[in-house]
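# An overview of the molecular structure
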Amino acid sequence: MEEGLEDGSFNLLCNTPQCEENRQVVENGALSRYLPWAKAGGVTLNFDCTVILLPVTRLLLNKLNNLGTSINLGKAEGSAFARVFAHPITRYVPLSKNIEFHKIIAGTVLFLGLEHTVAHLFNYWQCSEYTLVRYAKYGWGGTTIFTGAVISLAMFFIYA
């Protein structure tokens, strides 16, 4: 997507990899409509995989639960953090039941992992040549598909 696309002087007879990438952008658009869904699912998946460690840290869970409970009971001694964050968290998230909390996060990871995978498959289906050109440009080759399959297989065995 370099020179020639914006000012209209793009050479259609060019055969370089950069011209092939530009041609794909002109024909299919820079992104398929599924790629933002895949990226959103991936970013949220990163957050959830970080939060899945939270049930292991009982001290932090107890502290958040105590802050939220004290604000819930109407005690005025809570900090601004407790009023803004702790009460809503303890109201909707079962912090005192760490196994249930872990299961909720695991279910979210499963759903977002499926959404992320399906969105990438639809992106590849709609815009495969452009996707492969982009992978080759950054040196990713075919390893991303392989690692995604390995992670999906591992998740299958974890949830089975």
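Note that the coordinates shown come from a computational prediction; the quantities given were computed from them, not determined experimentally.

Next up on the list: helix α2 (residues 35-51). Across its 17 residues, α2 extends 24 Å between first and last C-alpha, which sits within 8% of the 24 Å expected from 1.5 Å per residue. Buried within α2 we find L35, A38, G41, G42, L45, D48 and V51. Tucked inside the fold, the buried residues of α2 contact α5 (98-126).

The next subject is the packing of aromatic side chains. Applying the stated criterion across every chain, the model contains three aromatic pairs. A centroid spacing of 5.4 Å and a plane angle of 70° characterise the contact between F156 and F157, whose relative ring orientation is edge-to-face. F157 matches F156 in its accessibility class, with the two residues each being exposed. Ring pairs connect the aromatic residues Y34, F122 and W125, which therefore count as one cluster.

Here we take up a nonpolar patch on the surface. Residues L110, L114, I158 and Y159 make up a contiguous nonpolar surface patch of about 390 Å² in total accessible area. Elements with a minimum of two residues in the nonpolar patch: α5 and α7 (143-159). By relative accessible area, which is 32% here, L110 ends up partly exposed.

The rules behind each value
- Residues numbered from 1 in each chain as written.
- Predicted model: local features only at pLDDT ≥ 70, side-chain atom pairs only at ≥ 80, totals over all residues.
- Heavy atoms only, no water.
- Helix = DSSP H or I, 4+ residues; strand = E, 2+ residues; numbered from the N terminus.
- Expected span 1.5 Å × (residues − 1).
- Buried < 20%, exposed > 50% of the residue type's maximum accessible area, 1.4 Å probe, protein only.
- Contact = heavy atoms within 4.5 Å.
- Phe/Tyr/Trp six-rings, centres within 6.5 Å; stacked < 30°, edge-to-face > 60°.
- Patch = residues over 30% accessible without salt bridge, like charges linked within 9 Å, V, L, I, M, F, W, Y side chains within 5 Å.
- Areas by Shrake-Rupley, 256 points an atom, 1.4 Å probe, with all protein chains shown as cover.
- Salt bridge = Lys/Arg side-chain N within 4 Å of Asp/Glu carboxyl O.

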